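Single-letter residue listing:
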Amino acid sequence: MKYYILIICLISATCFAQKTTVYTIGDSTMANKKDPDRNPEHGWAQVLQPFFKDNIVVENKAVNGRSTKSFINEKRWDSIYKKLKKGDYVFIEFGHNDEKIEDSTRYTNPHTSYRHNLIRFVKESREKGAIPILLTSIARRNFNEKGVLVPTHGDYPLETRLVAQEFKVPFIDLEYYTELLEQSYGPEKSKQLHLHFKAGENPYYDKDKADDTHLSSLGATKIAQIVVNQLKEIEDSSLEKLKKAIK
């Protein structure tokens, strides 16, 4: 009997050891939201786990309102770095809050601090044998009166692209693909991807809601699907384990 228990324990330990963790770091466009069964708002990394088999565990460490600067200064990155192990993945998507020029705790110059913070995430992930993946910020629903989707992120996506190129980091141009998503829905229908409600229309909001940055469940799921689709397209041997785990 003891022999069989030992075998079961060994099998269980082996199965556990084979799991790979995907850490997702970023801001509210990725983060887990409270009351997910009631709350219309979802982060795209919040709905990422169902796209993968059980050997991949998504640890969503994105937090509302964080920039690369505040994520580091609050020791959130340190807590992840300590746990990183060889073969883990780190999805990195910042920018929305790095733009907050009126807030010294969050703002970063895209060409200096932001760039160097991204490089830090990349280098320190690799120090632990983990694989970083850089993503540009998702597009905002920002159509002008002519129905043209106007970009809002300045040079932050550019610097993300440049860091990915310079340091040969797997890269997903999420700004571009979410621009295509917004445009495919158009100025009016794209409200479904975000949080647009009249007072009383949704029990979670008692006032009118018109939020063109954050995501509805539909928007989050669509973007998670984009991320998964783009992972399949990246030709990089370091991603093979992750790609094979896609359902």
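Right above here is the structure, for reference.
Residues numbered from 1 in each chain as written. Predicted model: local features only at pLDDT ≥ 70, side-chain atom pairs only at ≥ 80, totals over all residues. Heavy atoms only, no water.

(A) Representation of the packing of helix α3 (residues 76-83) against helix α4 (residues 110-127) in the model. At a minimum axis separation of 9 Å, α3 and α4 run at an interaxial angle of 20°. Classified by the interaxial angle, the pair formed by α3 and α4 is roughly parallel. When the axes of α3 and α4 are compared, the crossing they make is right-handed. In contact with W77, D78 and Y81 of α3, α4 contributes R120, F121, E124, S125 and E127. Residues that form the contact of α3 with α4 fall into these classes: three nonpolar, one polar and four charged. (Axes fitted to C-alpha atoms, helices over the stretch in contact; angles between N-to-C directions. Helix = DSSP H or I, 4+ residues; strand = E, 2+ residues; numbered from the N terminus. Parallel < 35°, antiparallel > 145°, perpendicular 65-115°, else oblique. Left-handed = near helix turned anticlockwise from the far one by under 90°. Contact = heavy atoms within 4.5 Å. Nonpolar A, V, L, I, M, F, W, Y, C, P; charged D, E, K, R; others polar.)

(B) Local environment of the sheet that holds strand β2 (residues 56-60). Taken together, the five strands give an open sheet; going across it, the order is β2-β1-β3-β4-β5, and neighbouring strands pair in parallel fashion. Only two strands of the sheet have a single neighbouring strand rather than two, namely β2 and β5 (171-172). In terms of strand pairing, strand β1 (residues 20-26) meets β2 through five bridges, oriented parallel. Counterpart to T24 in the pairing with β2 is N60. Where α4 meets the sheet, its contacts fall on β1, β3 (89-93) and β4 (131-135), and the angle it forms with β4 comes to roughly 155°. (Pairing = 2+ DSSP bridges.)

(C) Highlighting the pattern of salt bridges. Counted by the stated rule, this structure contains 17 salt bridges. With its nearest N and O atoms 3.0 Å apart, the salt bridge here joins E74 to R66. The partly exposed category is assigned to E74, whose relative accessible area is 38%. Here the salt bridges share partners, and the residues they tie into one network are R66, E74 and R76. (Salt bridge = Lys/Arg side-chain N within 4 Å of Asp/Glu carboxyl O. Buried < 20%, exposed > 50% of the residue type's maximum accessible area, 1.4 Å probe, protein only.)

(D) The arrangement of the environment of F94 in detail. Tracing the chain through its elements places F94 in the loop between β3 and α4. Sequence-wise, F94 and I25 are 69 residues apart; in three dimensions their C-alpha atoms are separated by 7.9 Å. Once you skip the residues sitting within four places of it in the chain, F94 turns out to touch I25, G26, D27, R66, S67, T68, F71, Y114, F121 and S137.

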